[in-house]
Amino acid sequence: MEKTTQQAPRGAKRQIEQKRGIGVRDLVTCAVFAVIYFVIFFACGCLGMIPIMAYLFPLPLALVSGISQMLFYTKVRSFGMVTIMGALMGLLTFLMGYGPIGLGFGIVCGLVADLILKAGGYRSVKAAIASHCVFSLWIVGTQLPMWIMTEAYFEPYRASQGDAYVDEMISLVSGGMLAADLAGIVVCALVGAFIGTKVLRKHFERAGIA
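Residues numbered from 1 in each chain as written. Predicted model: local features only at pLDDT ≥ 70, side-chain atom pairs only at ≥ 80, totals over all residues. Heavy atoms only, no water.

**Topic: the environment of leucine 117**
The cut-off we apply is this: A run of H or I in DSSP counts as a helix once it spans at least four residues, and a run of E counts as a strand once it spans at least two, with each numbered from the N terminus. We call two residues contacting when some pair of their heavy atoms lies within 4.5 Å.
With respect to the secondary-structure elements, leucine 117 resides in helix α6 (residues 100-119). For leucine 117 and serine 131, which are 14 residues apart along the polypeptide, the C-alpha to C-alpha distance reads 6.4 Å. When near neighbours in sequence (up to four residues on either side) are disregarded, leucine 117 contacts Tyr73, Val76, Val82, Tyr122, Ala127, Ala128 and Ser131.

Written out as structure tokens, the structure reads:
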């Protein structure tokens with residue numbers, strides 16, 4: 001009697017991939033891309049020497065990180081990987097003295113971005129782009145103290161940066177600046193993710209993402 005081998009339906013295979021737990025290889029992938037993202041973050045953060053860019057440096061960060069993040073998403077097949085990356089970024093900035101709000105935003109934005117990827121079955125370009133837009137908002141958590149406690153936040157900078165720099169920074173604090181920051185991050189993340197999908201087209205095809 002011949003044995004017949006039945007292949008699992010395509011949809012079932014997809015479910016198996018989504019339920020697979022995070023392994024050591026996944027953790028290594030998170031760490032590698034977290035380092036890449038942090039390097040980009042640090043480079044864009046240096047633009048903060050220009051007063052207005054201290055508020056708007058997340059825009060080039062969302063734009064430039066589009067390629068590396070989209071490559072990261074082609075390797076994500078387990079729920080929690082993006083959350084881990086967000087937590088790592090929040091933790092690193094917390095250790096750098098940016099405060100606990102950034103850590104909270106890193107975890108929350110990473111979790112929401114994770115849920116978006118999962119909703120797309122890890123096979124959707126649109127989900128990956130939306131995930132990058134949401135993830136990119138985590139950096140706002142490191143900036144909120146500038147609006148919440150403006151005077152106390154900038155006072156220590158007078159000794160190193162001078163009164164003129166601090167006074168200009170304080171003058172830029174407004175609801176309009178925060179709105180411009182948020183809107184700019186989303187727009188730049190969209191552009192960065194779109195560029196990433198074009199540059200990494202072969203990677204997306206190989207990962208079965210359409």
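Here the narrative resumes.
**A word on the confidence of the model for the protein chain**
The condition that has to hold: The predictor rates its confidence in each residue with pLDDT, a number between 0 and 100.
Averaged over all residues, the pLDDT of the protein chain equals 89, while 90% of them reach at least 70. Predicted confidence is poor over residues 1-16, with pLDDT under 50, and the contacts of this stretch with residues over four places away or in other chains come to 2 contacts.

**Remarks on a nonpolar patch on the surface**
Our working rule: Residues qualify for a patch when their relative accessible area is over 30% and they have no salt bridge, like charges being joined within 9 Å and the nonpolar side chains of Val, Leu, Ile, Met, Phe, Trp and Tyr within 5 Å. Accessibility throughout is a Shrake-Rupley quantity obtained with a 1.4 Å probe, and a residue counts as covered only by protein chains that appear here. For this analysis, a salt bridge means a side-chain nitrogen from Lys or Arg found within 4 Å of a carboxyl oxygen belonging to Asp or Glu. For every residue, the accessible area (1.4 Å probe, protein chains only) is compared with the maximum for its type, and the residue is labelled buried under 20%, exposed over 50%, or partly exposed between those bounds.
On the surface, Leu63, Val64, Ile67, Val186, Val187, Leu190, Val191, Phe194, Ile195 and Val199 cluster together into a nonpolar patch covering about 790 Å² of accessible area. Counting only elements with at least two residues in the nonpolar patch, the list comes to α4 (58-73) and α12 (175-199). Here the element with the most residues in the nonpolar patch is α12; it accounts for 7 residues. With a relative accessible area of 39%, isoleucine 195 lands in the partly exposed category.

**A few points about helix α11 (residues 163-171)**
As a reminder, the rule being used: The arc under discussion is defined with respect to the helix axis, by the directions toward the C-beta atoms.
All of the buried residues in α11 are Tyr165, Val166 and Met169. In a view along the axis of α11, the buried residues occupy a sector of 95°, so they form one face of it. More than 90 degrees from the buried face of α11, the exposed residues found are Ala164 and Ser171. The inward-facing, buried residues of α11 abut α3 (53-56), α9 (150-154) and α10 (158-161).

**What about the pattern of salt bridges?**
Counted by the stated rule, this structure contains 3 salt bridges. The shortest N-O distance in the salt bridge between glutamate 155 and arginine 158 comes to 3.1 Å. Its relative accessible area of 21% is what places arginine 158 among the partly exposed residues. For aspartate 163, the salt bridge is made with arginine 158, and the minimal N-O distance between the two is 3.2 Å. Salt bridges here are not isolated pairs; linked through shared partners, they connect Glu155, Arg158, Asp163 and Asp167.

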